[in-house]
Structure formats: C-alpha cells, structure tokens
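If you want the building blocks of each chain, they are given just below.
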Amino acid sequence: MNLFLYLLTVLIWGTTWIALKWQLGVVAIPVSIVYRFGLAALVLFVMLLLSRRLQVMNRRGHLICLAQGLCLFCINFMCFLTASQWIPSGLVAVVFSTATLWNALNARVFFGQKIARNVLMGGALGLLGLGLLFWPELAGHTASPQTLLGLGLALCGTLCFSAGNLLSSLQQKAGLKPLTTNAWGMAYGAAMLSVWCLVKGIPFDIEWSTRYLGSLMYLVIPGSVIGFTAYLTLVGRMGPERAAYCTVLFPVVALNVSAYAEGYQWTAPALAGLVMVMLGNVLVFRKAKAGVRGNVKLA
C-alpha cells in the first residue's frame, strides 16, 4: 500500500504541471485558478461533511487559513501559470522542487530554527543545477527577457508556497488536520481571486474544449483532491521525512511529459542540472528530522 500511494503521488503531482499549461488560452489565468480551487474546495467540504471529519476552527484558525489560501492557492499559482507562458512546464516543476530549501530558510527567518550544513550544501547544489537546466535558454539564441521573467515568477511562486507550508505547520500544531485547513484555504483563495477578478473587470469565461475541461477536472480531482489525500495518507503511514522523497521524482516525470507534449529538448547540461537538483533535494531531506516538519503540499 505504501508503494502504491508513493507512486500515485509521484504520478499525479508530476503530471499536473502540463495540465496547468493546458489551462492557458481563452480563460484568464486567475479565473482558471478560481474554477480549480472553488471546485476542489466544494468536493473536500462534501467529503468532510459526509464523513463528519470537518473540524471547527476559531477566529485565529480562519485567519491563518485566509493567509494560507493567499499563499498556497492564489498568488503562487498565479506565478506558476504566468511563468508557464514563457518556460516549459517541466522546468517550472524543477524550480518548485526547491521548496524544501526555501522551507528551511524561511523556518530560520521566522521560527529561528538552525539551518543544517547539508541543507546549505543541498541548496547550493540545487541552485547550481537550476542554472544548468536554464543555461541553453539563457546562453543560446533563444535567450529572452521572458525566460528570466518566467524563472523569476516560478521562484516567487515557490517562495509563496513555502510560506504556505509554514502556515500549515502552525495549524497542525494547533491540532487542525490538513484536510480541513486545505478545504478552507482553497475556498478562501478562490474567493479572494474572484473578488479581484470582479474589481478588475475580468470576465468569467469558460472554454468548452475537451483539452481545457479535461485538464481542469484533472487538476480538481486527481491534482487537488486525490493527490492531497494520497500524500497525507502516506505521511501518516511512513512519516513526513520518508514521504517527502516523492518530490525528488516530480521533475523527472514533469520534464519527460514536457518533452513529449511541449517539445522540450534534453541537453547534456540539462541532464546534469536535473541530477544536481535531485541530489540537492536528497541532501535537504536528510536533515528533515531536525528541520522543518511542515507537510509539503503540491500543485
């Protein structure tokens, strides 16, 4: 069962990046995000109410869920989807896999937790790997300001995601389960983006194509509902340290999907960079017992 849950999480969260890419087009980016997390929140609330597992939260819990929704289900996906306009979705997934490093750095800044030597080594190795992965785009004839902007937005989205993880850890220390806080966080994130769209006059269009609706349903059910459930079940069975190794394999799946669906070209520097990012993540994870214990959640 552990192996099944592990492979299910890697397969789902390693392929959601191309589904995000397929959301681009007729429907505005924030509207697509509203559709995804509004529907996912609805599904989660129905599940929790039917199983009588929805926890009651106080005002503090709702305020943290509001901030969590802003970080995890709003700003970061705005960044990821916008970045996907200019860089392959697989590269966005690789940038996202550095979230473990940012978790450690943010825990140091906000919680005063010591950063272990292997976390610093892993972070340096991962950043060097990112440089190699993006080198063909940055150094060749395809280099453009949009490539740098896409990389910057992907990093910004990852930082927001990391901040959301720290907020989630605060909720769990208060005894609130991730499924309840995710449901409220998704609802708050979708609500805030809806208000922003109304203020900006962004129309709530819908693209009735098989590609758009199919990718939306994939992001709602497997990506947001099943993926979270499988991962959190794995955390309960194996512990967060061992379960977190799932994220090391995400870029492998995402980049191969990107090569097939988007024409991403593998190069020797890119392969070396991917290996460095993965090794860097392994080094970071090896210190999980003494570092940040917040759950790592995905797209």
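Every chain begins its residue count from 1, and numbering advances along the sequence as written. It should be noted that, the model being predicted, local features are given only for residues of pLDDT at least 70 and side-chain atom pairs only at 80 or more, the latter also being counted only at that level, while totals for whole chains, interfaces and linings use all residues. Each side-chain value is derived from all of the structure's non-hydrogen atoms; neither hydrogens nor water enter the calculation.

Draft legend 1. Region of the structure containing the overall build of the chain. Only DSSP runs of H or I with at least four residues qualify as helices, and only runs of E with at least two residues qualify as strands; both kinds are numbered from the N terminus onward. The secondary structure content of the chain amounts to 12 helices and zero strands. Along the chain, helices and strands appear, N-terminal first, in the series α-α-α-α-α-α-α-α-α-α-α-α. Residue burial is assigned from relative accessible area. The probe radius is 1.4 Å, only protein chains are included, and a residue is buried under 20% of its type maximum, exposed over 50%, and partly exposed in between. Every one of the 299 residues in the chain was classed for burial, and the buried ones make up 52%. Contact between two residues is taken to exist if any of their heavy atoms lie within 4.5 Å; hydrogens are not considered. Of the contacts formed within the chain by residues at least 6 apart in sequence, a portion of 88% connects residues at least 24 apart. All accessibility values rest on the Shrake-Rupley procedure with a 1.4 Å probe; residue burial counts only the protein chains present in the view. Of the accessible surface of the chain, which amounts to about 13300 Å², a share of 69% is contributed by carbon and sulfur atoms.

Draft legend 2. The packing of helix α1 (residues 2-22) against helix α4 (residues 89-96), seen in detail. Note on method: axes are straight lines fitted to C-alpha atoms, helices fitted across the in-contact stretch only, with angles between N-to-C directions ranging 0 to 180 degrees. Axis separation between α1 and α4 bottoms out at 9 Å; the angle between their running directions is 130°. The orientation of α1 with respect to α4, classified from their angle, is oblique. When you trace α1 past α4, the crossing you get is right-handed. Where α1 approaches α4, its residues W17, I18 and K21 are matched on the opposing element by S89, V92, A93 and F96. Under the scheme applied, nonpolar residues are Ala, Val, Leu, Ile, Met, Phe, Trp, Tyr, Cys and Pro; charged residues are Asp, Glu, Lys and Arg; polar residues are all the others, including Gly. By residue class, the composition of the contact of α1 with α4 is five nonpolar, one polar and one charged. Each angle receives one of four descriptions, namely roughly parallel if under 35 degrees, roughly antiparallel if over 145, roughly perpendicular if within 65 to 115, and oblique otherwise. In a left-handed crossing the near helix is turned counterclockwise from the far helix by less than a right angle, and in a right-handed crossing that turn is clockwise.

Draft legend 3. View of the side chain of Q171. Along the chain, Q171 falls in helix α7 (residues 145-173). Ignoring sequence-local partners within four residues, the contact set of Q171 consists of M57, G61, I64, C65, Q68, L176 and T181.

Draft legend 4. The nonpolar core, seen in detail. Put simply, a nonpolar core is a bunch of buried Ala, Val, Leu, Ile, Met, Phe, Trp, Tyr and Cys residues held in one set by side-chain atoms that sit within 4.5 Å of each other. Formed by 60 residues in total, the largest nonpolar core has its most connected members in W17, L133, F134 and M186. With 11 residues, helix α2 (residues 29-50) is the largest single contributor of residues to this core. With sequence-adjacent residues up to four places away left out, F134 is seen in contact with I87, L91, V95, T147 and L151.

Draft legend 5. Quick look at a nonpolar patch on the surface. A contiguous nonpolar surface patch, about 480 Å² in accessible area, is contributed by L39, L42, V46, L50 and M217. Residue contributions to the nonpolar patch peak at four residues, all from α2. Considering the arrangement of structural elements, one finds V46 in helix α2. Among the residues examined, V46 registers a relative accessible area of 41% and is labelled partly exposed. Think of a patch as exposed residues, more than 30% relative accessible area, with no salt bridge, where like charges cluster within 9 Å and nonpolar side chains (Val, Leu, Ile, Met, Phe, Trp, Tyr) cluster within 5 Å. Here, a salt bridge means any side-chain nitrogen of Lys or Arg that lies within 4 Å of a carboxyl oxygen of Asp or Glu.

Draft legend 6. Up close: the packing of α4 against α7. Close contact between α4 and α7 brings their axes to 9 Å; oriented N to C, the two are set at 40°. Considering their axes alone, α4 and α7 lie oblique with respect to each other. α4 and α7 meet at a crossing whose hand is right-handed. Between α4, through V92, V95 and F96, and α7, the contact on the second element is made entirely by L151, A154, L155, T158 and F161. Class assignment of the residues belonging to the contact of α4 with α7 gives a composition of seven nonpolar, one polar and no charged.

Draft legend 7. Geometry of the environment of E207. Inspection of the secondary structure assignment puts E207 in the loop between α8 (178-200) and α9 (210-238). C-alpha of E207 to C-alpha of Q23: the two residues are 184 residues apart in sequence and 9.3 Å apart in space. Among residues more than four places away in sequence, those in contact with E207 are V26, V27, Y212 and L213. A 3.5 Å cut-off defines polar contacts: any pair of N or O atoms within that distance qualifies, except that in protein one atom must be a possible hydrogen donor and the other a possible acceptor, and neighbouring residues in sequence count only when both atoms are side-chain atoms. Here the side chain of E207 touches S209 through a polar contact of 2.9 Å, side chain to side chain.

Draft legend 8. Summary view of the state of the cysteines. Two cysteine sulfurs form what is called a disulfide whenever their separation falls within 2.5 Å. In this structure the tally under the stated criterion is zero disulfides. Of the cysteine sulfurs around C74, a residue in no disulfide, the closest is that of C197, at 9.0 Å. Classification of C74 by relative accessible area gives buried; the value is 7%. Here C160 stays free of any disulfide, with the sulfur of C156 as its closest cysteine sulfur at 4.5 Å.

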